[in-house]
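Coordinates in review
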Amino acid sequence: MIRTELDAAGITEQGLRRSYRICRELNARHGKTFFLATRLLAPDQRPAVHALYGFARRADDILDEFDPFLSTAERAARLDRLARQFGSGDTGGDPVLAAVLHTAEAYRIPNHLFSAFLASMRLDLSVTDFPDRAALDRYVYGSAEVIGLQLLPVLGTTDSAAAAPYAAALGKAFQLTNFLRDVDEDLARNRVYLPADELAAYGVDRELLFWCRRHRRGEPRVRRALAAQHAITREIYDYALGGIELLAPRSRPCVTTAAILYAEILDRIEAADFEVFGRRARVGIGRRLQVGAAGQLRAWWVRRPAGPARPNTSRATPDDSALPLDSADPREHT
């Protein structure tokens with residue numbers, strides 16, 4: 001299938017094909033729900049999405065690679081080196097860089113979107129708390145909103161300027177969902193990705209959050225504070241979904257599927273009464289398969305051949321996106 005995708009995208013040089021294959025493997029291994037949604041895109045769109053994911057993963061690995069002997073200064077130096085290589089076009093033999101540079105050029109993705117992303121990644125080396133919504137929003141712009149904006153040229157739009165705010169908002173909604181789901185995991189890394197002043201309005205501070213983590217259970221004030229964050233995130237989803245109709249028709253099933261699955265993480269958090277300590281909100285594989293299958297049907301319908309139906313004696317599927325979704329790793333849950 002990867003050959004079909006690379007051929008459809010017009011990627012013929014062998015070294016570059018290898019780079020894109022490596023990015024696809026990274027996406028399949030680490031971003032399984034995202035990878036599942038990506039399979040609903042047309043084959044020619046998928047390599048670029050895998051490359052963008054691979055670049056984001058490369059930066060994230062620098063931040064969170066488990067190595068007790070790797071100092072903050074060394075991590076910062078590696079991020080700086082990655083930024084210099086991207087800016088100069090010198091891959092240094094890094095296949096992920098080769099693929100993302102090719103994608104950025106092919107789709108004319110502005111460099112400032114990648115610079116903003118790396119700037120937010122650098123913040124993770126020194127910033128562990130955000131005093132207010134404005135500070136968190138500045139971080140989220142670089143860590144998530146620009147991802148939506150990077151993807152926009154690949155997805156295609158009827159009006160790119162009109163679609164941009166919605167694409168950024170959907171990236172933001174995904175990120176804020178992660179922050180709510182991963183409160184416990186982030187505390188383990190001494191990070192709190194929630195506005196301190198908004199938590200304080202409910203009597204919640206770092207000390208109380210760490211108490212909840214130690215005792216593996218929530219507390220009424222924390223639940224109320226998380227419910228308020230949940231409501232804000234839901235409003236951002238509601239806004240972002242209004243922009244899906246501005247995307248190219250062939251891209252809408254993919255984005256709709258991703259949005260449904262991520263929004264349902266919020267449903268799971270709420271259903272658990274905002275108990276995020278000692279557990280991780282998940283959308284089960286059965287539900288993912290159900291949503292993914294509906295998305296596959298919509299994707300095939302949009303891309304079906306035009307004109308009168310003709311006899312088809314082939315046993316192949318109408319489009320290679322219509323492959324069984326359960327080939328994703330069954331251990332992964334959204």
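Check the entry above for the structure.
Reference entry: report on the structure contained in this document. The model shown is predicted, which means the values in this text are computed figures rather than measured ones.

The next thing to look at is the overall build of the chain. The secondary structure content of the chain amounts to 15 helices and zero strands. Relative to its 334 residues, the chain shows a buried fraction of 49%. Surface accessibility of the chain: about 15800 Å² in total, with carbon and sulfur atoms responsible for 54%.

In this fold, Val 140 is placed in helix H8 (residues 133–155). Since its relative accessible area comes to 0%, Val 140 is described here as buried. The sequence separation of Val 140 and Gly 171 amounts to 31 residues, and the corresponding C-alpha distance is 8.7 Å. Among residues more than four places away in sequence, those in contact with Val 140 are Glu 145, Lys 172, Gln 175, Leu 176 and Phe 179.

On to unusual backbone geometry, then. Excluding glycine, a negative phi dihedral is what most residues carry, and trans is how most peptide bonds are arranged. Although it is not a glycine, Asp 273 sits at a positive phi angle of roughly 55 degrees. Mapped onto the elements, Asp 273 comes out in the loop between helix H14 (252–271) and helix H15 (285–303). The exposure class assigned to Asp 273 is partly exposed, which follows from its relative accessible area of 44%. The phi angle at Phe 274 is positive, at roughly 60 degrees, despite the residue not being glycine. With respect to the helices and strands, the residue Phe 274 is situated in the loop between H14 and H15.

Quick look at helix H7 (residues 111–123) now. With 13 residues, H7 should reach 18 Å at 1.5 Å per residue; the first-to-last C-alpha distance of 19 Å fits that figure. For H7, the full list of buried residues reads Leu 113, Phe 114, Ala 116, Phe 117, Leu 118, Ser 120 and Met 121. Contacts from the buried residues of H7 go to helix H4 (46–64), helix H5 (72–88), helix H6 (95–107) and H8.

Scanning all chains against the criterion turns up 14 aromatic pairs. With a centroid separation of 5.8 Å and 25 degrees between ring planes, the pair formed by Phe 34 and Tyr 53 is classed as stacked. Of this pair, Phe 34 sits in helix H3 (residues 32–38) while Tyr 53 sits in helix H4; the two residues are 19 residues apart in sequence, bridging distant segments of the chain. Here Phe 55 and Phe 86 contribute two aromatic rings whose centre-to-centre distance is 5.4 Å and whose plane-to-plane angle is 45 degrees, an arrangement assigned as tilted. Of the two residues, Phe 55 is situated in helix H4 and Phe 86 in helix H5; the sequence distance between them amounts to 31 residues. The exposure class assigned to Phe 86 is buried, which follows from its relative accessible area of 7%. Cluster of aromatic residues (ring-pair linked, three or more members): Phe 55, Phe 86, Phe 114 and Phe 117. Cation over ring: Arg 304 sits above Trp 301, and NZ or CZ is 3.7 Å from the ring centre.

Scoring rules and cut-offs
- Residues numbered from 1 in each chain as written.
- Predicted model: local features only at pLDDT ≥ 70, side-chain atom pairs only at ≥ 80, totals over all residues.
- Heavy atoms only, no water.
- Helix = DSSP H or I, 4+ residues; strand = E, 2+ residues; numbered from the N terminus.
- Buried < 20%, exposed > 50% of the residue type's maximum accessible area, 1.4 Å probe, protein only.
- Areas by Shrake-Rupley, 256 points an atom, 1.4 Å probe, with all protein chains shown as cover.
- Contact = heavy atoms within 4.5 Å.
- Expected span 1.5 Å × (residues − 1).
- Phe/Tyr/Trp six-rings, centres within 6.5 Å; stacked < 30°, edge-to-face > 60°.
- Lys NZ or Arg CZ within 6 Å of the ring centre and 35° of its normal.

Purely geometric stuff here, so don't read any function into it on its own.
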